[in-house]
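Each chain, written out:
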Amino acid sequence: MPTVARWWSSRTDPQRLDLYTRSSFYGWLALTPALALMVLGSEGVATTPAAWLYLAGSVGVAVTGVVLVRAGLATRWTRRSPPAGPLTAALVAAAVTAGTGVVEGLARSGEPGTGWLLALPLAMLLTAASPVWTTRVLTRASAGVGLLVGGVVLLGGEEWSAALVLGVVFTVAVTGLVLAFRFSVWVLDVVVEMERTRGVQAQLAVAEERLRFARDLHDVMGRNLSVIAVKSQLAAELVRRGREGAVQELTDISRVAEESLREVRDVVRGYRGSDLPGELAGARSVLRAAGVEVTVSGEDGAVALPAPVQTALGWVVREAVTNVLRHSRATTCTIALSTSGGVAELRVVNDGVTGDGDRGAGLTGLAERLAAPGGRLSAGREGDRFVLTAAVPVGVPV
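Residues numbered from 1 in each chain as written. Predicted model: local features only at pLDDT ≥ 70, side-chain atom pairs only at ≥ 80, totals over all residues. Heavy atoms only, no water.

With respect to the pairing of strand β4 (residues 376-382)
Reasoning step 1: For β4 and strand β5 (residues 385-393), the ladder comprises seven bridges, and the chain directions are antiparallel. Within β5, the residue paired with G380 across the bridge is V387.
Reasoning step 2: The antiparallel pairing of β4 with β5 creates a hairpin that spans two residues between the two strands, and G383 there sits at a positive phi of about 75 degrees. (Pairing = 2+ DSSP bridges. Helix = DSSP H or I, 4+ residues; strand = E, 2+ residues; numbered from the N terminus.)

Some details on the nonpolar core
Reasoning step 1: Within the largest apolar cluster, 36 residues are counted, with the highest numbers of intra-cluster contacts made by L276, L313, I335, L346 and L388.
Reasoning step 2: Elements with a minimum of two residues in this core: α10 (276-289), β1 (293-297), α11 (307-327), β2 (332-340), β3 (343-350), α12 (361-371) and β5.
Reasoning step 3: It is α11 that contributes the most residues to this core, eight residues altogether.
Reasoning step 4: Residues within four places of L313 in sequence aside, it is in contact with L276, L305, L337, A344, L346, A390 and V392.
Reasoning step 5: Ranked by size, the runner-up nonpolar core spans 26 residues in total, among them L29, A36, A94 and A128. (Core = buried A, V, L, I, M, F, W, Y, C linked by side-chain atoms within 4.5 Å. Buried < 20%, exposed > 50% of the residue type's maximum accessible area, 1.4 Å probe, protein only. Contact = heavy atoms within 4.5 Å.)

Details of the packing of helix α2 (residues 13-30) against helix α6 (residues 114-129)
Reasoning step 1: Running from amino to carboxyl end, α2 crosses α6 at an angle of 165 degrees, the nearest separation of the two axes being 11 Å. One finds that α2 runs roughly antiparallel with respect to α6. At the point where α2 passes α6, the crossing takes the left-handed sense. Here F25, W28 and L29 of α2 come into contact with α6, specifically with M124, T127 and A128.
Reasoning step 2: Looking at side-chain class alone, the contact of α2 with α6 contains five nonpolar, one polar and no charged residues. (Axes fitted to C-alpha atoms, helices over the stretch in contact; angles between N-to-C directions. Parallel < 35°, antiparallel > 145°, perpendicular 65-115°, else oblique. Left-handed = near helix turned anticlockwise from the far one by under 90°. Nonpolar A, V, L, I, M, F, W, Y, C, P; charged D, E, K, R; others polar.)

Let's talk about the side chain of T75
Reasoning step 1: Note that T75 resides in helix α4 (residues 49-78).
Reasoning step 2: Residue T75 is classed as buried on the basis of its relative accessible area, which comes to 7%.
Reasoning step 3: Here A71 takes part through its backbone oxygen, which lies 3.1 Å from a polar atom of the side chain of T75.
Reasoning step 4: Only 2.8 Å separates the side chain of T75 from the backbone oxygen of G72, close enough to count as a polar contact. (Polar contact = N/O pair within 3.5 Å; in protein donor to acceptor, adjacent residues only side chain to side chain.)

Quick look at a nonpolar patch on the surface
Reasoning step 1: Where nonpolar side chains cluster on the molecular surface, the patch consists of L154, W160, L164, V168 and V172 and spans about 540 Å² of accessible area.
Reasoning step 2: No other element matches helix α8 (residues 160-241), which puts four residues into the nonpolar patch.
Reasoning step 3: Of the residues examined, W160 reaches a relative accessible area of 60% and is grouped as exposed. (Patch = residues over 30% accessible without salt bridge, like charges linked within 9 Å, V, L, I, M, F, W, Y side chains within 5 Å. Areas by Shrake-Rupley, 256 points an atom, 1.4 Å probe, with all protein chains shown as cover. Salt bridge = Lys/Arg side-chain N within 4 Å of Asp/Glu carboxyl O.)

Some remarks on the confidence of the model for the protein chain
Reasoning step 1: Model confidence for the protein chain is summarised by a mean pLDDT of 81, while 84% of its residues fall at 70 or above.
Reasoning step 2: At the low end of the mean pLDDT range in the protein chain sits helix α1 (residues 2-9), at 66; at the high end sits β3, at 93. (pLDDT = per-residue confidence, 0-100.)

Regarding the packing of aromatic side chains
Aromatic ring pairs: the centre-centre distance and the angle between the two ring planes describe each pair.
Reasoning step 1: Counting across every chain of the model gives four aromatic pairs.
Reasoning step 2: Judged by centre distance (4.9 Å) and plane angle (45 degrees), the rings of F25 and F181 are tilted. Here F25 is found in helix α2, whereas its partner F181 is found in helix α8, with 156 residues between them in sequence.
Reasoning step 3: Taking the relative accessible area as the measure of exposure, F25 reaches 0% and is therefore buried. (Phe/Tyr/Trp six-rings, centres within 6.5 Å; stacked < 30°, edge-to-face > 60°.)

Notes on the pairing of β3
Reasoning step 1: In terms of strand pairing, β2 meets β3 through eight bridges, oriented antiparallel. Pairing of S340 across the sheet is with V343, part of β3.
Reasoning step 2: The hairpin turn running from β2 into β3, its antiparallel successor, is two residues long, and G341 in that turn takes a positive phi close to 60 degrees.
Reasoning step 3: Of the pairings in the sheet, the one linking β3 to β5 comprises eight bridges and is antiparallel in character. In the strand pairing of β5, L346 is matched with A390.

Structure, rendered in structure tokens:
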């Protein structure tokens with residue numbers, strides 16, 4: 001049981017719903033031969049060759065239906081058109097079985113359940129085709145099944161009023177059955193699309209952060225590089241003409257270059273997370289954009305921490321957020337920062353754990369980085385949650 005539970009918990013929500021939907025389809029289609037036996041009755045199977053052919057056809061309807069459902073659901077994930085082979089095979093099997101049912105039904109005119117001899121294979125066909133055909137097509141086809149049942153019963157000698165009632169009853173029954181399975185396919189489509197949207201939101205959040213860094217770098221370097229280029233041309237022209245002032249221009253170039261280097265270091269230092277409050281704010285923004293409910297506590301105390309401590313914990317925040325986005329199906333995440341006994345501790349807890357929560361290369365590298373200034377990192381599952389805890393001495397050297 002633990003292995004089964006672990007296997008189930010390692011699957012995403014779309015994968016779980018896909019498994020449930022497939023099981024519902026396969027289980028229902030597998031009942032086709034048993035339902036055919038119930039419709040035929042023991043006497044019909046024993047005495048009528050057409051009944052035996054009908055029973056064999058019901059097995060073919062079940063098999064081809066399962067193949068059609070499998071192909072239809074698989075193509076919905078990839079957004080490709082389903083192959084025509086499974087649909088054609090299911091249509092042929094259902095048509096042959098339904099035709100046999102018409103022959104058997106006319107021979108049994110007046111017996112209860114005659115309409116189901118025609119309706120059963122066609123209803124199973126429409127159920128199997130619900131991942132492939134649209135709701136409008138399925139509804140019209142279900143009405144067609146009711147019309148055929150009414151016509152066969154009328155040809156068998158029933159009154160037109162009874163045939164009309166049976167036609168309406170079978171139309172409603174088949175339509176309700178088919179649309180119920182069609183609804184489950186629609187729910188699966190919605191969940192899959194939401195999962196794709198969540199991934200796109202996470203990618204957009206990362207792209208936004210990259211654009212922010214590029215914008216900051218451009219603002220810092222654009223003007224200074226332009227100044228360096230102009231002064232370099234001016235110094236070269238002064239040297240070529242043998243005029244004074246070239247030394248001053250070269251001095252200015254050196255000064256601007258040093259200033260640019262300092263500003264670039266400031267930008268990179270901020271990007272790497274020395275500003276812990278900024279990292280916490282960014283984590284809140286990224287996770288919310290990905291649809292995760294975020295709670296951040298102790299944010300006010302981050303400003304008072306030394307810059308090296310903020311840098312170390314900033315790495316932790318960034319790696320934790322990356323793990324939540326890439327390696328979980330989290331709906332909630334809690335980030336708590338506290339300082340006690342000269343140690344700053346950051347604790348990140350999220351649900352939606354997939355797999356065993358084993359430590360990856362990112363967490364291993366982060367633990368090695370924190371070990372240098374005397375910090376420590378622990379990460380692992382606690383029930384259905386993943387907990388990452390980092391502790392760094394407040395007196396860490398630069």
